[in-house]
Amino acid sequence: DRSIYRPSQKLQWKVISYRSQALKAQFRVAAKIDVSVSLVDANNQVVQTAKLKTNEFGSIAGEFLIPQGRMLGQWHLRTEPQGWASLQVEEYKRPTFEVTFKKTDAPLRFNQLAKLVGEARFYFGLPVTSGKVKWRVSRVPVFPSWWYDWHAFGRGSISRGEPSRVVASGESRLSAEGTFDAQFTPEVDERLGREERYFSYSYSIAADVTDESGETRTASKTV
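Residues numbered from 1 in each chain as written. Predicted model: local features only at pLDDT ≥ 70, side-chain atom pairs only at ≥ 80, totals over all residues. Heavy atoms only, no water.

Caption draft 1: Seen up close, the overall build of the protein chain. Looking only at helices and strands, one finds 1 helix and 16 strands in the protein chain. When contacts within the protein chain are restricted to residue pairs at least 6 apart in sequence, those whose partners lie at least 24 apart make up 65%. As displayed, the protein chain has an accessible area near 14900 Å², and 48% of this comes from carbon and sulfur atoms. (Helix = DSSP H or I, 4+ residues; strand = E, 2+ residues; numbered from the N terminus. Contact = heavy atoms within 4.5 Å. Areas by Shrake-Rupley, 256 points an atom, 1.4 Å probe, with all protein chains shown as cover.)

Caption draft 2: Region of interest: the sheet that holds strand S15 (residues 200-211). Taken together, the 4 strands give an open sheet; going across it, the order is S13-S12-S15-S16, and neighbouring strands pair in antiparallel fashion. If you trace the sheet from one side to the other, it starts and ends with strand S13 (165-173) and strand S16 (216-222), each paired once. Between one strand axis and the next, the sheet turns by 15° as a mean value, whatever way the strands run. Sheet topology note: the strand S12 (residues 131-142)/S15 ladder contains 12 bridges and is antiparallel. (Pairing = 2+ DSSP bridges. Axes fitted to C-alpha atoms, helices over the stretch in contact; angles between N-to-C directions.)

Caption draft 3: Main features of the sheet that holds strand S1 (residues 4-5). The sheet built from 5 strands is open, its strands ordered S1-S9-S8-S5-S6 with mixed pairing. One side of each edge strand has no neighbouring strand; the edge strands of this open sheet are S1 and strand S6 (46-53). Here strand S5 (residues 34-40) pairs with strand S8 (residues 73-80) via 5 bridges, running antiparallel. Its bridge partner being in S8, Val40 is matched across the sheet by His76.

Caption draft 4: Quick look at the pattern of salt bridges. Going through the model one piece at a time under the given rule, you end up with 7 salt bridges. Of the charged contacts, one joins Lys10 and Glu63 as a salt bridge, the two residues approaching to 3.4 Å between their closest N and O atoms. Highlighted residues: Lys10 in strand S2 (residues 10-16) and Glu63 in strand S7 (residues 59-65), separated in sequence by 53 residues. (Salt bridge = Lys/Arg side-chain N within 4 Å of Asp/Glu carboxyl O.)

Caption draft 5: Layout of a nonpolar patch on the surface. A cluster of nonpolar side chains, contributed by Ile16, Tyr18, Phe27 and Val29, occupies part of the molecular surface with about 430 Å² of accessible area. Note on placement: Phe27 falls in strand S4 (residues 27-29). Among the residues examined, Phe27 registers a relative accessible area of 57% and is labelled exposed. (Patch = residues over 30% accessible without salt bridge, like charges linked within 9 Å, V, L, I, M, F, W, Y side chains within 5 Å. Buried < 20%, exposed > 50% of the residue type's maximum accessible area, 1.4 Å probe, protein only.)

Caption draft 6: Structural view of the packing of aromatic side chains. Within the structure shown, the criterion is met by 7 aromatic pairs. With 5.6 Å between their ring centres and 40° between their planes, Trp13 and Phe64 make a pair best called tilted. A residue pair is termed long-range when its members are at least 10 positions apart, and Trp13 in strand S2 and Phe64 in strand S7 qualify at 51 residues. Judged by its relative accessible area of 2%, Phe64 falls in the buried class. A ring pair is formed by Phe184 and Tyr203, whose centres lie 5.8 Å apart and whose planes are at 35°; its orientation type is tilted. (Phe/Tyr/Trp six-rings, centres within 6.5 Å; stacked < 30°, edge-to-face > 60°.)

Caption draft 7: Highlighting the environment of Pro67. Tracing the backbone shows Pro67 in the loop between S7 and S8. On the basis of relative accessible area, Pro67 is assigned to the partly exposed category, the value being 24%. In sequence terms Pro67 and Gln48 are 19 residues apart; their C-alpha atoms lie 9.8 Å from each other. Leave out the neighbours within four places in its chain, and Pro67 touches Pro7, Val47 and Trp75.

Caption draft 8: Region of the structure containing the environment of Pro107. Secondary-structure assignment places Pro107 in the loop between strand S10 (97-101) and strand S11 (114-122). Take Pro107: its relative accessible area is 62%, and that puts it in the exposed class. Residues Pro107 and Val223, 116 residues apart in the sequence, show an inter-C-alpha distance of 8.6 Å.

Caption draft 9: Layout of the side chain of Ser172. Checked against the element boundaries, Ser172 lands in strand S13. A distance of 2.7 Å separates a polar side-chain atom of Ser172 from the backbone oxygen of Asp181. Beyond its immediate sequence surroundings of up to four residues, Ser172 is in contact with Lys132, Val133, Trp135, Phe180 and Asp181. (Polar contact = N/O pair within 3.5 Å; in protein donor to acceptor, adjacent residues only side chain to side chain.)

This is how it looks when you write it as structure tokens:
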């Protein structure tokens, strides 16, 4: 009944059982049959099991209490007769800081060094002064609206739907003001034909900032 569960929360579930004929797509609800439902943790260990009999509509329902001290991650509900569903179990940790990218002062140019500045600050206002930053830059072409019609007739040397690809990555350190920078050069072949000058590139940068306690926050920006 939710996307993420926390330890000590109740997991409410409902099972509907069906019968089918071999090699035929004919299904009927299976009333008055025994069904076993098990909660299985991320280590594939059974946590709890319930054995019930389906009602006249072929369904049963119940709840499990997710215990503390188990491995977090992807858990499962398994039934006998065969059936399953997955769920995510995670601890809630309230974030203590946020990461943002500052506004660029000038437009970026091809084949010239680009510098993007980010900032990490605690929610109470002070900067995060110690930690590591890992960043990566992805590039995807942006075509004018008429380009697709042009390409449909076999013209143009750039293929439609060129996928995004990582063009730069690196690591930085946080300064005393909580800032960090990511520098890369958006390279392009200046010998491209005339038609290539009608499209541009979109660059997306994502940065993961990890402070001394191990907490990680992410920020992204597209230019």
